[in-house]
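A look at the structure
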Amino acid sequence: MADPYLQLLAAQVRSQTQYRASFAMDLIGSTVLTVLDVASVFVIFSVTGNLGGFGGREVLLIVGISALAFPAADLVVGNVERLRVYVRTGLFDAVLVRPLSALGQLVAMDFAPRRVGRVVQGLVLYVIALAVAPVDWSVPVAALAVVAPVAGAVFFASVFVAGATVAFWWIESGEIANAFTYGGRDFTSYPMTVFGGLFRRLFAYGLGFAFVAYLPALAMLGRPDPLGVPGWLHWCSPLVAAVAAGLAALFWRTGVRHYRSTGS
């Protein structure tokens, strides 16, 4: 018997690729958005000459990690943000009565293959960044180069799930969730040194966004943090991602238990 999640994914892919011209336009459009996001960083760089004390090749490495991590998370679980629609309309009742994971169903039912273009583009950018940045190569650095985007994707996936879960208490919470998901994507594309003190402490270290791209990039570059973060923390992105995933899973289970059917 075929895996039911794979069947849901296959059905979703077939339905979205049935109209090839429309699918191609969606794919191109999503790819262009990633190009614009990356270009905006370098427009700023071209004016200032550096970003927070980091040169162009170093910034490219930070951007590359973020540009791969976020689209990967968006491809896999980004559609969970539609949870508020399921809660508002009562469709989440149907999800709960099936003998499958509620979260797994949401991810599979609304899978968006057009987002693959962003992942591929992010991967190309990251490989280029590794080639041109002054990376201090060693076995641990090589391992981190592989693990960092994966850990970043897990972290962003946790943010997506946690943000969507708020809909169990506040249905119209989409804009608040977007501030942490898409806002977090933009935040992690810059060195933390460009942000102000309180804002930086809250988002970079309090919420952990510095562990997505900035601190792993410092570890790969072999340079100390201008802000004084201990060197051993530069290597902790997998641990932070695991903690974020655990917290998001706990929050999700709490939200599902809190859910009350619409009765419709």
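Residues numbered from 1 in each chain as written. Predicted model: local features only at pLDDT ≥ 70, side-chain atom pairs only at ≥ 80, totals over all residues. Heavy atoms only, no water.

**Concerning the overall build of the protein**
Heads up, the condition is: Helix and strand assignments come from DSSP, with helices taken as H or I runs of at least 4 residues and strands as E runs of at least 2, each series counted from the N terminus. The classification of residues rests on relative accessible area computed with a 1.4 Å probe and restricted to protein chains. Under 20% of the type maximum is buried, over 50% is exposed, and intermediate values are partly exposed. Per-residue and other accessible areas follow the Shrake-Rupley method at a 1.4 Å probe size, with only the shown protein chains counted as cover for residues.
Helix and strand content of the protein: 12 helices and zero strands. For the protein, the N- to C-terminal ordering of α and β elements is α-α-α-α-α-α-α-α-α-α-α-α. A burial count over the protein gives 46% of its 264 residues as buried. Accessible surface computed for the protein: about 12600 Å², of which carbon and sulfur atoms make up 70%.

**Focus on helix α10 (residues 197-206)**
We count it as follows: Note that the arc is defined by the directions from the helix axis to the C-beta atoms.
Of all the positions in α10, only Arg200, Phe203 and Ala204 are classed as buried. Seen along its axis, α10 keeps its buried residues to an arc of 95°; they face one direction. Exposed and facing more than 90 degrees away from the buried side of α10 are Leu198, Arg201 and Gly206. With its phi angle positive at about 90°, glycine 208 sits one or two positions after the end of α10.

**Here's the deal with the environment of serine 138**
Within the secondary structure, serine 138 is located in the loop between α7 (116-132) and α8 (139-165). For serine 138 and methionine 220, which are 82 residues apart along the polypeptide, the C-alpha to C-alpha distance reads 8.9 Å.

**Thoughts on the packing of aromatic side chains**
Ring pairs (aromatic) are described by centroid distance and by the angle formed between their planes. The cut-off we apply is this: The pairing test for Phe, Tyr and Trp rings, Trp by its six-membered ring, is centres within 6.5 Å, and the orientation test on the planes gives stacked under 30 degrees, edge-to-face over 60, and tilted for anything in between. Two conditions define a charge sitting above a ring: the NZ of Lys or the CZ of Arg must be within 6 Å of the ring centre, and it must be within 35 degrees of the ring normal.
The full count for this structure, using the stated rule, is 23 aromatic pairs. Pairing phenylalanine 187 with phenylalanine 209 gives two aromatic rings, centres 6.3 Å apart and planes at 70°, and the pair type is edge-to-face. Of this pair, phenylalanine 187 sits in helix α9 (residues 174-187) while phenylalanine 209 is found in the loop between α10 and α11 (214-221), placing the two residues 22 residues apart along the sequence. A relative accessible area of 5% places phenylalanine 187 in the buried class. An aromatic cluster of three or more residues is present, and its members are Phe70, Phe155, Phe156, Phe160, Phe180, Tyr182, Phe187, Tyr190, Phe195, Phe199, Phe203 and Phe209. One residue, arginine 185, lies across the ring of phenylalanine 70, its end atom 5.4 Å from the ring centre. Positioned over the ring face of phenylalanine 54 is arginine 223, at 4.0 Å from the centre of the ring.

**A few points about the nonpolar core**
One broad rule of soluble globular proteins: the nonpolar side chains tend to lie buried together. Inclusion rule: Working definition of a nonpolar core: buried Ala, Val, Leu, Ile, Met, Phe, Trp, Tyr and Cys residues. They are joined through side-chain atoms within 4.5 Å. Note on contacts: a residue pair qualifies if any of its non-hydrogen atoms lie within 4.5 Å across the two residues.
Of all hydrophobic cores here, the largest spans 72 residues; its most connected members are Leu61, Leu83, Phe92, Leu106, Tyr126, Met220 and Trp252. When residues in this core are grouped by element, the largest group, 14 residues, is from helix α3 (residues 56-77). Tryptophan 252 has contacts with Leu83, Phe92, Ala102, Leu103, Leu106, Val161, Thr165 and Phe168, leaving out every residue within four places of it along the chain.

**Re the layout of surface pockets**
The line we're drawing: Residues are called lining when one of their atoms sits within 4 Å of a cavity or pocket point, these points coming from a 1 Å grid over the protein atoms alone, where a cavity is a set in which a 1.4 Å probe fits but cannot get out and a pocket is an open set with protein on both sides within 12 Å along at least five of seven lines. Grid points are joined across faces, edges and corners, and a volume is the space filled by probe spheres set on the points. Nonpolar residues are Ala, Val, Leu, Ile, Met, Phe, Trp, Tyr, Cys and Pro. Charged residues are Asp, Glu, Lys and Arg, and all others, Gly as well, are polar.
Considering only enclosed or pocket space, the largest pocket measures out at about 470 Å³ in volume. Taken together, 20 residues line the largest pocket, and the ones lying closest to its centre are Ser158, Val159, Ala162, Phe180 and Leu207. Secondary structure elements with two or more residues in the lining of the largest pocket: α8, α9 and α12 (237-258). Considering only residue class, the lining of the largest pocket consists of 15 nonpolar, five polar and no charged.

**Quick look at the confidence of the model for the protein**
This is how the line gets drawn: Note: pLDDT gives the predictor's confidence per residue, expressed from 0 to 100.
Of all residues in the protein, 80% attain a pLDDT of 70 or more, and the chain-wide mean is 83. At the low end of the mean pLDDT range in the protein sits helix α1 (residues 4-17), at 57; at the high end sits α11, at 96.

**A word on α3**
Since there are 3.6 residues in each turn of an α-helix, residues three or four apart along the chain are aligned in direction. Rules: Helix span, as expected, comes to 1.5 Å for every residue beyond the first.
Under the 1.5 Å per step criterion, the end-to-end length of α3 is 31 Å for 22 residues, consistent within 8% with the ideal 32 Å. Burial analysis of α3 places 19 of its 22 residues in the buried class, which makes it a mostly covered element.

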